[in-house]
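# Notes for the structure review
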Amino acid sequence: MGLFSFLKNKFSKKEKVEAPKEEVDSVSTYSKGMEKSRKAFASRLDALSKRYAKVNEEYFEELEQILIESDVGVELSLRLIEETLDESQKQKISDPKTINEILVDKMFVDYATKGESIQNEIHFVEDGPTVLLVCGVNGVGKTTSIAKLAKRYLDKGKKVLLVAGDTFRAGAVEQLSIWAERLNCPIVKGKPDADPASVAYDGAKFAKEHDIDLVIVDTAGRQQTKSNLMQELSKVSRVLSKEIPNAPHEAFLIIDATTGQNGVLQAASFKEVTKLTGIVVTKMDGTSKGGIILSIRDELGLPVRFIGLGEKMKDLQEFDLDKYLYGLLLGDEE
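A brief report on the enclosed structure follows. Just so you know, these numbers come straight off a predicted model, no measurement behind them.

### Observations concerning the overall build of the chain
Across its full length, the chain carries 15 helices and eight strands. Whereas a compact globule of 334 residues would reach a radius of gyration of roughly 20 Å, the chain reaches 21 Å, a difference of no more than 12%. For the chain, buried positions account for 52% of its 334 residues. A fraction of 78% describes how many contacts in the chain between residues 6 or more apart in sequence connect residues 24 or more apart. Per element, the accessible surface of the chain, about 15,600 Å² overall, is 48% carbon and sulfur. Counting 47 positive and 54 negative side-chain charges, the chain places the centres of these two groups 3 Å from one another.

Structural data, given as structure tokens:
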């Protein structure tokens, strides 16, 4: 069974009727959030297949262009096209729709088998607080993502603490404080321009004293040089690990999907200076370049852990490869 058929069966109307409401809502959120990307990818694939009775060299060139313009990444796009072409020649396939299905199958396999195993939800340590370090340049939606993650785990019955470690950006501490108040969630913060490591230390102490389950530490969104960034993040990590064994247990990088390949470059830079355990992609609903998910996985070997598909709190979804591909390829209108 090809991926198109698999997705149609898995998310059919019959299956939705029988599925829990929360699951149906999640599928719908993916479908709505991926609408722009679907029009730029699946709709173009379909239109391309209708223009050709059988594939030729030009068909594969246009296919390659669709992938690149969807931000799948040049290197991955070239490899996927080459693999699809090889398989089509071996099986003597010239039907455009079948070729498209082969391509999509290979996109799925590439993500599923690349890099570290796919894990989404935060794994909580058994003894003591679990610490999540959150990184990302200014403007990517870092503060909002932290709030959405906090809300997610508060709703699961966890005691969550926010630590305002981004002490350099004007307004960062205040913004996080507003979210903490809205969520009725404790927050540890320092004075403006305070040493982020000292704020992290205070947060770790508070977490141990108040039986906190999850500590979410915001970090500076911008440093002058990569060396400064490395020193700052290393210092914060050292301070946390002295107070809480093996902390930080998770380190998420926030990437704005609308920045395209620039976001992938940001991720590569952050990966050089800290051990990232996952990516959170924001503003997916605002871009037509949904292929960035595949590009991140291919170039960095890191899993996308959460994906932002809208403005509401519930629109930050645990990343699900099947739902992502369904939203990218089919959508609720199918």
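### Looking at the packing of aromatic side chains
A complete count under the given rule lists seven aromatic pairs for this structure. With 5.6 Å between their ring centres and 70 degrees between their planes, Phe124 and Tyr153 make a pair best called edge-to-face. With Phe124 in the loop between α8 (96-113) and β1 (130-135) and Tyr153 in helix α9 (residues 142-155), this pair connects stretches of sequence that are 29 residues apart. For the pair shown, Phe124 and Tyr153 are each scored as buried. When the ring of Phe252 is compared with that of Phe306, the centres are 6.2 Å apart and the planes differ by 50 degrees; the resulting orientation is tilted. Within this pair, whereas Phe252 is found in strand β5 (residues 250-256), its partner Phe306 is found in strand β7 (residues 304-308), the two being separated by 54 residues in sequence. Across the pair, Phe306 and Phe252 agree in class, each one buried. Of the aromatic side chains, those joined through ring pairs into one cluster are Tyr52, Tyr59 and Phe60. When the ring centre of Tyr111 is taken as reference, the NZ or CZ atom of Arg297 above it lies at 5.0 Å.

### Regarding the sheet that holds strand β6 (residues 278-282)
As a general point, the strands of a sheet are linked pairwise by backbone hydrogen bonds and lie either parallel or antiparallel. Read across the open sheet, the eight strands follow the order β3-β2-β4-β1-β5-β6-β7-β8; overall the sheet is mixed. Pairing within the sheet leaves two strands with one partner each, and these edge strands are β3 (187-189) and β8 (316-318). In this sheet, adjacent strand axes meet at a mean angle of 20 degrees when their direction is disregarded. The sheet contact formed by β1 and strand β4 (residues 214-218) spans five bridges and is parallel. Opposite Val131, over in β4, you have Val215 as the bridge partner. Contacts from helix α13 (residues 261-273) reach β1, β5 and β6, with the element oriented near 155 degrees to β5.

### Digging into helix α11 (residues 196-209)
Over its 14 residues, α11 extends 20 Å from the first C-alpha to the last, a length consistent with the 20 Å expected when each residue adds 1.5 Å. For α11, the complete set of buried residues consists of Pro196, Ala197, Val199, Ala200, Gly203, Ala204 and Ala207. For α11, the arc enclosing every buried residue in end-on projection is 155 degrees, short of the 170-degree limit, so these residues lie on one face. The first or second residue beyond α11 is Asp211, which carries a positive phi of 50 degrees.

### Concerning the pairing of strand β2 (residues 160-164)
Counting buried positions along β2 gives five out of five residues, so the element sits mostly inside the fold. In β2, alternate side chains face the same way, and those of Val160, Leu162 and Ala164 on one face and Leu161 and Val163 on the other are all buried. Alignment of β2 against β4, held across five bridges, turns out to be parallel. Paired with Ala164 across the two strands is Asp218, which belongs to β4. Here β2 pairs with β3 via three bridges, running parallel. Note on β3: the bridge partner recorded for Val163 is Val188. With helix α10 (residues 172-183) bridging β2 and its parallel neighbour β3, the resulting β-α-β unit is right-handed.

Conventions used here
- Residues numbered from 1 in each chain as written.
- Predicted model: local features only at pLDDT ≥ 70, side-chain atom pairs only at ≥ 80, totals over all residues.
- Heavy atoms only, no water.
- Helix = DSSP H or I, 4+ residues; strand = E, 2+ residues; numbered from the N terminus.
- Rg over C-alpha atoms; globule rule 2.2 N^0.38 Å.
- Buried < 20%, exposed > 50% of the residue type's maximum accessible area, 1.4 Å probe, protein only.
- Contact = heavy atoms within 4.5 Å.
- Areas by Shrake-Rupley, 256 points an atom, 1.4 Å probe, with all protein chains shown as cover.
- Lys, Arg positive; Asp, Glu negative; His and termini not counted.
- Charge placed at Lys NZ, Arg CZ, Asp CG, Glu CD.
- Phe/Tyr/Trp six-rings, centres within 6.5 Å; stacked < 30°, edge-to-face > 60°.
- Lys NZ or Arg CZ within 6 Å of the ring centre and 35° of its normal.
- Pairing = 2+ DSSP bridges.
- Axes fitted to C-alpha atoms, helices over the stretch in contact; angles between N-to-C directions.
- Expected span 1.5 Å × (residues − 1).
- Arc of directions from axis to C-beta.
- Right-handed = clockwise from strand over helix to strand, strands pointing away.

Everything listed is a geometric property; what it means functionally is a separate question.
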